[in-house]
Amino acid sequence: MATRSPSAPPPNLYRRPEIAAPPTVGGSLRLRMDPFPAARGAPAGIWWPYTTNLTAELPALVAGLTAWLNDTGHELKVRRITVNLSAWTHVPTRTEIAGQPVRITWSGTLDPHITRIACAPDERTFLLITLLVLPPDTPYGPGRAAMARGGGTSVRGSQPRTQTQETQVPT
């Protein structure tokens with residue numbers, strides 16, 4: 001699991017780091033899901049990506065969400081992800097993750113700290129999942145505290161989950 005140095009300089013919230021390789025391969029997906037959000041449209045989970053490189057972050061997110069959906073008894077697949085374009089670098093319009101096509105859309109009016117995921121068994125019916133997104137350069141202490149307050153459980157593949165586990169992304 002990647003950790004942040006406590007002596008690192010304060011994060012630059014306006015700089016979008018470039019990255020050549022996916023940072024989460026072999027690492028852990030920082031995602032917590034609440035199967036019972038407080039209200040319709042309320043965030044169903046919290047995601048703390050490692051970078052603003054959406055292309056690099058998507059495989060781990062889609063794998064974790066798919067595992068969580070299957071664990072909750074839903075045979076749903078991630079079909080579409082909507083993000084605020086200003087919050088991400090390397091944003092594809094379509095991608096294929098684990099043999100599954102995923103359409104990427106963006107909106108300038110969507111809060112940069114929100115990501116919406118449309119999941120469906122087919123192309124006609126959708127379940128919309130809203131995730132709160134912590135900025136990648138959030139310091140470790142506050143980020144970990146926000147993840148703990150996020151409610152629900154950490155996503156962990158298809159194995160039993162506890163409050164303290166994080167997903168190990170297959171390589």
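Attention here is on the structure that accompanies the text. Everything numeric here is computed off the predicted structure, so don't read it as measured data.

This part covers unusual backbone geometry. Even without being a glycine, His90 presents a positive backbone phi close to 50°. Tracing the sequence through the fold places His90 in the loop between strand 4 (77-83) and strand 5 (94-97). Looking at His90, the relative accessible area reads 39%, which means it is partly exposed.

If you walk through the whole model with that rule in mind, you get two aromatic pairs. Pairing Trp47 with Trp88 gives two aromatic rings, centres 5.5 Å apart and planes at 20°, and the pair type is stacked. With Trp47 in strand 3 (residues 45-47) and Trp88 in the loop between strand 4 and strand 5, the pair connects residues that are 41 residues apart, well separated along the chain. For the pair formed by Trp47 and Trp88, the shared burial category is buried. For the pair Trp48 and Tyr140, a centre-to-centre distance of 6.3 Å together with 35° between the ring planes defines the contact as tilted. With Trp48 in the loop between strand 3 and helix 1 (54-71) and Tyr140 in helix 2 (residues 140-149), the pair connects residues that are 92 residues apart, well separated along the chain. With a relative accessible area of 31%, Tyr140 lands in the partly exposed category. Over the ring of Trp48 we find Arg30; its NZ or CZ atom is 3.7 Å from the centre of that ring. The ring of Tyr50 carries Arg30 above its face, with NZ or CZ at 3.8 Å from the centroid.

Bringing the nonpolar core into the picture now. If you look at the biggest cluster of nonpolar residues, it comprises 27 residues, and the most contacted ones within it are Trp47, Ile81, Ile129 and Leu131. Considering each element in turn, this core owes the most residues, eight residues, to helix 1. Beyond its immediate chain neighbours, meaning those up to four positions away, Trp47 contacts Leu29, Arg30, Leu31, Leu54, Glu57, Leu61, Trp88, Thr115, Leu131, Leu132, Val133 and Leu134. Among the nonpolar cores identified, the runner-up in size contains five residues, and Ile46, Trp48, Leu134 and Ala146 belong to it.

Look at helix 1: 25 Å from first C-alpha to last across 18 residues, which is about the 26 Å you get at 1.5 Å a residue. Most of helix 1 is tucked away, with 13 of its 18 residues classed as buried. Structurally, the start of helix 1 carries an N-cap: the backbone nitrogen of Thr55 is 3.1 Å from a side-chain oxygen of Asn53. Phi turns positive, to about 90°, at Gly73, one or two residues after helix 1.

Calculation notes
- Residues numbered from 1 in each chain as written.
- Predicted model: local features only at pLDDT ≥ 70, side-chain atom pairs only at ≥ 80, totals over all residues.
- Heavy atoms only, no water.
- Helix = DSSP H or I, 4+ residues; strand = E, 2+ residues; numbered from the N terminus.
- Buried < 20%, exposed > 50% of the residue type's maximum accessible area, 1.4 Å probe, protein only.
- Phe/Tyr/Trp six-rings, centres within 6.5 Å; stacked < 30°, edge-to-face > 60°.
- Lys NZ or Arg CZ within 6 Å of the ring centre and 35° of its normal.
- Core = buried A, V, L, I, M, F, W, Y, C linked by side-chain atoms within 4.5 Å.
- Contact = heavy atoms within 4.5 Å.
- Expected span 1.5 Å × (residues − 1).
- Polar contact = N/O pair within 3.5 Å; in protein donor to acceptor, adjacent residues only side chain to side chain.

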